[in-house]
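Read off the chains here:
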Amino acid sequence: MLYMISTRQKGFTLIELLVVISVISLLSSVIFAGLNSARTKAKDALIKQEVREFEKLVALEYLSSGNYLKIETPQSQWFNSGGCGGGFAGGSVYASNAIELCNKIVANATPSVNNFHVGNSVDSSKYYSIMVYLNNGNLFCVGSSGASEGSIDFNNLGCWSNP
């Protein structure tokens with residue numbers, strides 16, 4: 001009796017391996033893109049929460065001194081990655097809290113020349129604006145006239161001047 005000896009080796013061909021690798025890399029790129037988007041949204045949510053905390057700090061200052069922005073030396077100031085140390089002073093008991101919170105906001109915000117604003121262009125004893133550039137490209141603003149998110153026109157009324 002003759003027996004046939006199989007010369008075929010067990011395993012996968014090169015084409016099969018390449019197809020599996022390409023499918024895995026395609027799926028992983030889709031997953032990583034989704035994770036990056038989720039990371040940006042989470043960071044923006046954190047920034048919004050910190051801005052809301054800063055808004056509460058401004059409200060406490062108003063209750064204490066009758067002026068919304070006594071915690072801030074100039075009437076209106078932008079902060080960036082250089083930090084917030086020189087922006088808050090005066091007779092405010094909340095200045096150290098404002099510096100700490102401002103530094104957290106600046107650290108998480110979109111890196112730019114001016115990424116976090118505290119002040120008001122009209123009258124800081126009656127109105128306030130707190131603005132920050134989010135990582136999604138929008139400008140988030142809370143103030144005495146409410147809150148908004150999106151592209152803000154600095155020439156028109158709204159959160160920028162809080163009439």
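Conventions adopted
Residues numbered from 1 in each chain as written. Predicted model: local features only at pLDDT ≥ 70, side-chain atom pairs only at ≥ 80, totals over all residues. Heavy atoms only, no water. Helix = DSSP H or I, 4+ residues; strand = E, 2+ residues; numbered from the N terminus. Contact = heavy atoms within 4.5 Å. Areas by Shrake-Rupley, 256 points an atom, 1.4 Å probe, with all protein chains shown as cover. Polar contact = N/O pair within 3.5 Å; in protein donor to acceptor, adjacent residues only side chain to side chain. pLDDT = per-residue confidence, 0-100. Buried < 20%, exposed > 50% of the residue type's maximum accessible area, 1.4 Å probe, protein only. Lys, Arg positive; Asp, Glu negative; His and termini not counted. Salt bridge = Lys/Arg side-chain N within 4 Å of Asp/Glu carboxyl O. Pairing = 2+ DSSP bridges.

For the chain, the helix and strand inventory stands at 2 helices and 5 strands. Starting at the N terminus and ending at the C terminus, the chain contains elements arranged as α-β-α-β-β-β-β. Taking contacts inside the chain between residues at least 6 apart in sequence as the whole, the part at least 24 apart equals 53%. Surface exposure of the chain reaches about 10100 Å², of which carbon and sulfur atoms provide 60%.

Along the polypeptide, Asn108 turns up in helix H2 (residues 95-108). Within the local environment of Asn108, its side chain forms a polar contact with the side chain of Glu50, the two groups lying 3.4 Å apart.

Moving on: the confidence of the model for the chain. Taken as a whole, the chain shows an average pLDDT of 76; of its residues, 66% reach a score of 70 or greater. Highest mean pLDDT in the chain belongs to helix H1 (residues 14-65) (88); lowest belongs to strand S5 (residues 146-150) (67).

Mapped onto the elements of the fold, Glu50 is located in helix H1. It is Lys104 that comes nearest to the buried, bridge-free Glu50 among opposite-charge side chains, at 5.6 Å. Apart from residues no more than four positions distant in its own chain, Glu50 is found in contact with Leu101, Lys104, Ile105 and Asn108.

Moving on, we come to the pairing of strand S3 (residues 129-133). Where burial is concerned, most of S3 is hidden: 4 out of the 5 residues are buried. Two elements, strand S2 (residues 116-119) and S3, share 4 bridges in a ladder whose sense is antiparallel. Bridging across to S3, Phe116 finds its partner in Val132. Where S3 meets strand S4 (residues 139-143), 5 bridges bridge the pair, whose relative direction is antiparallel. In the strand pairing of S4, Ile130 is matched with Val142.

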